[in-house]
Amino acid sequence: MTAIPFAISARHKGFNRAEVVDQNFIEFVQLWNGEVRAAPRDDAAVLPGSALDARGFRELLESQLISRHLDLMARVLRVQNKVFYTIGSSGHEGNAMVARLTRHTDPAFLHYRSGGFMAERFRKIPGMDPVMDSALSFAASKDDPASGGRHKVWGSKPLWVLPQTSTIASHLPKALGTAVAIEQARRIGHQLPIPDDSITICSFGDASSNHATAQTAFNTAAWTAYQKLPAPVLFVCEDNGIGISVKTPSGWVANNYQHRANLDYFFADGLDMAEGYAQVQRAVEHCRTTRRPTFLHLKTTRVMGHAGTDFEIEWRSIEELFAVECSDPLLRSAGIALESGLYSKDELLNLYEATRKRCFAAAEDADSRHRLTSLDDVMAPLAPYTPAAVKAEATRADYAEKRLAVFGGEAKLPEKLPPRHLAIQIGQALHDLLAKYPEALLFGEDVAQKGGVYTVTKGLNKTFKGSRVFNTLLDETMILGLAQGYANMGMLPMPEIQYLAYFHNACDQIRGEAASLQFFSNNQYRNPMVMRVASLGYQKGFGGHFHNDNSITALRDIPGLVVGCPSRGDDAAMMLRTLMALAKVDGRVCAFLEPIALYMTKDLYEAGDGQWQFEYPAPDQAMTLGEGRVYDEAANDLVIFTFGNGVPMALRAARTIEAELKWQVRVVDLRWLAPLNDAFIAAQARTAKRILVLDEGRKSAGVGEGVITAIVEGGCGATPLHRVVGADTFTPLAGAALLVLPGEADVVAAAKELAARS
Ligand SMILES: Cc1ncc(C[n+]2csc(CCOP(=O)(O)OP(=O)(O)O)c2C)c(N)n1
Ligand SMILES: [Mg+2]
């Protein structure tokens, strides 16, 4: 190995380390006086002892240089407002080896320092141009093929690079989920969009490896392999020894992962392609052939700081900076190029400058293209909705044979049976949907043999078997990561979250990840799913806050997410059909909130009246997104807007109000909580003399706030209005719970208050 002259970097004490790194390369080549050790232009075995041949090395070097010059270009053009992102890949260009040794059909979930990887992967499809495509992304151009100008992401539809968010480690669960899905497809007879022996690649930094979201993926990968189940994921930890300004303790990554059972550790020198290539190759081959989770510890460095805004010279010593800059892998690559005789000094410098020119030219071209200039343009891929196709899909009932088999004959079809309550009808609807969609999967904690805590999923595991209905390990982040993985592979996942309170510790998997994929990929990638969540308060079985969480605020503001909440069994069945159709047709991420307290509710007014049981809707029945249910449309003395537990509560209160105030009361079940149907709400409000908003959630940031806004903005702000809503508190155990949640008496009292006002 040619020694890298420390003196080169040391002579540059400038503030702009990008310029220093750039100059280092040029001077390194100019001053190189090593010996040419291989026969010049020897195409085979250029690098003694290396698996790399001449062509391989040339192409990798070219990819590394493209990545480097994209970084350098970004630093220059950022200040001219032609480029809007300066987190670079400099020092990590060795990851190009991972791209070369894998296939473009191996789904990749990449660290933000993946310029080298991308440039190399672009070679896999002739005619693609990594420089122009990347420049368009840097410039936030509408023509950016990855995100349509929404973000600088590493992404490509033809190259199977699913764009990632900046939330470090958040992509590890879905990368593992995709690996699990690749294997599970065979077991459920699902045709994969990629070859059966594909692996997934997931890269991240050394500091990120400590994150809880990374750890859950490592743990689940090992948990899977421990049971001898395949999980062909290649975790690539790009270890540059630092996270922004915090150093990773020396040796920590190796120490932490070298001996983890069922996570097979490999090391590769990403700073030196002569050494590293065969090491990366071993890891990739191990992952592909054994189908075991593989941890590739790739040694990298970080030159030019964390981002363009990171002036390292302000917070670390110049000696340390010099040392880091001397470990620049491009200097090592230049050394290999020269000592192998593959390039003369002039040829190498010419290539270096030609690549610079190419990157600047592409950037100038990108700067002249369209940008996103209207809100409609920005939002176009966020929440696709094709109502006619969704309706056709939701009401498609061409699976009669399968239904007969699942339910056990004509007479046992649920629509032929007497009216039933919510839990039963959700179970029946899930049977129907698993019959309708062979690619649908249902999974979560305790959902299989036990049928869930409330037996809603009872029988599904028996009917559809363990590869379609199964228990997961106890980890909500991973449940939702798995869901994204299955969806990435074209399946229709229905993950269950056991209680709404426990959604919150995995919220980012929906908020930051699943719901954002269509947006950041310009709708080229979709991860459709229907997440079922046992939700809300008032239940008599389990008390206390965590089984009675009444806040859906964390779901309401997630862009693009659909949230539905039925109050009765027939609505639940029809809503589920629509949600699955939204997922299938438009790729939407959906949440289905099941009010636990209504699971077993059979009666409405009096014990034994059976009035909260309904006939199961035939499979060609569904409801439209946003369509509410109105009880007593003609009544207008008082209109109560509500959802979930509030619906039967409002209907009971309405009886008292009718008796005591002689008002005709209309109850409006919103059913869809996100997006709220503002037009529907306003239309109902317009014909109301008085309005109550009954929201079982909390006062702050609850659904009620949205309903009132829709009423006011719909022009009905002058109508006497009152809100009945939960308190801003956690829910206590036992009877005290009813002090914080709205009750029937509160609804009646609120109506009387309105009466006193008018
Ligand atoms: C969840 C989360 N927390 C914090 C950040 C801010 N942040 C961005 S990069 C970074 C350091 C990551 O270091 P490392 O994983 O070693 O990657 P490197 O940048 O060194 O390649 C931090 C803290 C983030 N993006 N996401
Ligand atoms: Mg790091």
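Analysis parameters
- Residues numbered from 1 in each chain as written.
- Chains lettered and ligands numbered in written order.
- Predicted model: local features only at pLDDT ≥ 70, side-chain atom pairs only at ≥ 80, totals over all residues.
- Heavy atoms only, no water.
- Core = buried A, V, L, I, M, F, W, Y, C linked by side-chain atoms within 4.5 Å.
- Buried < 20%, exposed > 50% of the residue type's maximum accessible area, 1.4 Å probe, protein only.
- Contact = heavy atoms within 4.5 Å.
- Patch = residues over 30% accessible without salt bridge, like charges linked within 9 Å, V, L, I, M, F, W, Y side chains within 5 Å.
- Areas by Shrake-Rupley, 256 points an atom, 1.4 Å probe, with all protein chains shown as cover.
- Salt bridge = Lys/Arg side-chain N within 4 Å of Asp/Glu carboxyl O.
- Lys, Arg positive; Asp, Glu negative; His and termini not counted.
- Charge placed at Lys NZ, Arg CZ, Asp CG, Glu CD.
- Helix = DSSP H or I, 4+ residues; strand = E, 2+ residues; numbered from the N terminus.
- Pairing = 2+ DSSP bridges.
- Axes fitted to C-alpha atoms, helices over the stretch in contact; angles between N-to-C directions.
- Near = heavy atom within 4 Å.
- Polar contact = N/O pair within 3.5 Å; in protein donor to acceptor, adjacent residues only side chain to side chain.
- Nonpolar A, V, L, I, M, F, W, Y, C, P; charged D, E, K, R; others polar.
- 1 Å grid on protein atoms, 1.4 Å probe; cavity = no way out; pocket = protein on both sides within 12 Å on 5 of 7 lines; lining within 4 Å.
- Points joined across faces, edges and corners; volume = space filled by probe spheres on them.
- Phe/Tyr/Trp six-rings, centres within 6.5 Å; stacked < 30°, edge-to-face > 60°.
- Lys NZ or Arg CZ within 6 Å of the ring centre and 35° of its normal.
- Donors = N, O, S within 2.8 Å, 3.2 Å for Na, K, Ca; no water.
- Domains from an automatic or database assignment.
- Buried area = accessible area lost by both parts, 1.4 Å probe.
- Arc of directions from axis to C-beta.

(A) Molecular detail of the nonpolar core. Counting 86 residues, the largest nonpolar core has F235, F295, I510, L555 and F641 as the members making the most contacts within it. Aside from chain neighbours lying at most four places away, what touches L555 is L500, F503, M531, L561, V563, A591 and L593. F28, W32, L296 and M304 belong to the second largest nonpolar core, which has 56 residues in total.

(B) Expanded view of a positive patch on the surface. On the surface, a cluster of positive charge is contributed by K450, K458, K462 and K465. Counting through the fold element by element, K465 comes out in the loop between α18 (460-464) and β9 (469-471).

(C) Fine view of the sheet that holds strand β1 (residues 108-109). Taken in spatial order, the 5 strands line up as β1-β2-β3-β7-β6 in an open sheet, and their pairing is parallel. Single-partner strands in this sheet number two, and they are β1 and β6 (264-269). As paired elements, strand β3 (residues 233-239) and strand β7 (residues 294-299) share 6 bridges and run parallel to each other. Counted as the bridge partner of C237 is H297 from β7. Of the strands in this sheet, β1, β2 (200-205) and β3 touch helix α7 (residues 172-188), which is tilted by about 165° from β2.

(D) Structural view of the site of ligand 1. Close contacts around ligand 1 come from 17 residues, with H111, Y112, S166, S208 and I242 the closest. Here an oxygen atom of ligand 1 sits 2.8 Å away from a polar atom, N or O, in the side chain of R113. Between an oxygen atom of ligand 1 and a main-chain N or O atom of I242, the distance comes to 2.7 Å. For ligand 1, whose free accessible area comes to 580 Å², the fraction covered by protein is 74%. Split into classes, the residues belonging to the shell around ligand 1 amount to 5 nonpolar, 10 polar and 2 charged.

(E) Examining the pairing of β7 more closely. Here β7 lies mainly inside the structure; 5 of its 6 residues are buried. In terms of strand pairing, β6 meets β7 through 6 bridges, oriented parallel. Bridge pairing in β7 links D269 to K299.

(F) Representation of the environment of A591 in the model. Considering the arrangement of structural elements, one finds A591 in strand β13 (residues 589-595). Of the residues examined, A591 reaches a relative accessible area of 0% and is grouped as buried. Along the chain, A591 and A650 lie 59 residues apart, while their C-alpha atoms are 24 Å from each other.

(G) Highlighting the layout of surface pockets. Put simply, the largest pocket is a space of about 660 Å³. Considering the residues around the largest pocket, the lining is formed by 31 residues, among which Y538, Q539, K540, A597 and N645 are closest to the centre. Elements with a minimum of two residues in the lining of the largest pocket: α25 (646-661), α28 (737-740) and α29 (744-757). Considering every element that reaches the lining of the largest pocket, the biggest residue donor is α25, with 3 residues. Considered class by class, the residues forming the lining of the largest pocket number 17 nonpolar, 9 polar and 5 charged. The space that makes up the second largest pocket amounts to roughly 440 Å³. Lining the second largest pocket are 23 residues; nearest its centre among them are N16, A18, R75, V76 and G308.

(H) Broad picture of the packing of aromatic side chains. One pass over the structure, following the stated rule, counts 20 aromatic pairs. An angle of 90° between the planes, with centres 5.9 Å apart, marks the rings of Y499 and Y502 as edge-to-face. Lying over the aromatic face of F138, K152 brings its terminal NZ or CZ to 5.2 Å of the ring centre.

(I) Looking closely at the environment of R629. With respect to the helices and strands, R629 occurs in strand β14 (residues 629-631). Sequence separation between R629 and V324 is 305 residues; the distance between their C-alpha atoms is 65 Å. Polar side-chain contacts of R629 include one of 2.7 Å to the side chain of D571.

(J) Broad picture of the coordination of the magnesium ion (ligand 2). Around the magnesium ion (ligand 2), the protein supplies D206 (OD), N240 (OD1) and I242 (O) as donor atoms, at distances of 2.0 to 2.1 Å. Going along the chain, you hit the donors of the magnesium ion (ligand 2) in the pattern D-x33-N-x1-I. Residue D206 is found in the loop between β2 and α8 (212-226), and its partner N240 is found in the loop between β3 and β4 (242-243); the two are separated by 34 residues along the sequence. This pair shows no difference in class: D206 is buried, exactly as N240 is.

(K) Quick peek at the domain arrangement of the protein chain. Domain assignment breaks the protein chain into domain 1 (20-366), domain 2 (380-598) and domain 3 (629-757). Domain 2 and domain 3 are separated by 27 Å when their C-alpha centres are compared. With 31 residues of domain 2 at the contact, the number on the domain 3 side is 30 residues. Each partner contributes to the roughly 2,500 Å² buried at the junction of domain 2 and domain 3, and carbon and sulfur atoms together form 56% of this total. On the surface where domain 2 and domain 3 come into contact, there are 4 salt bridges.

(L) Layout of helix α16 (residues 400-407). Three or more residues of α16 are buried, namely R403, V406 and F407. The arc that holds the buried residues of α16, viewed along the axis, is 80°, so those residues lie on one side. Turned more than 90 degrees from where α16 packs its buried face, E401 and A405 sit exposed. Of the residues trailing α16, G408 is marked for its positive phi of about 90°.

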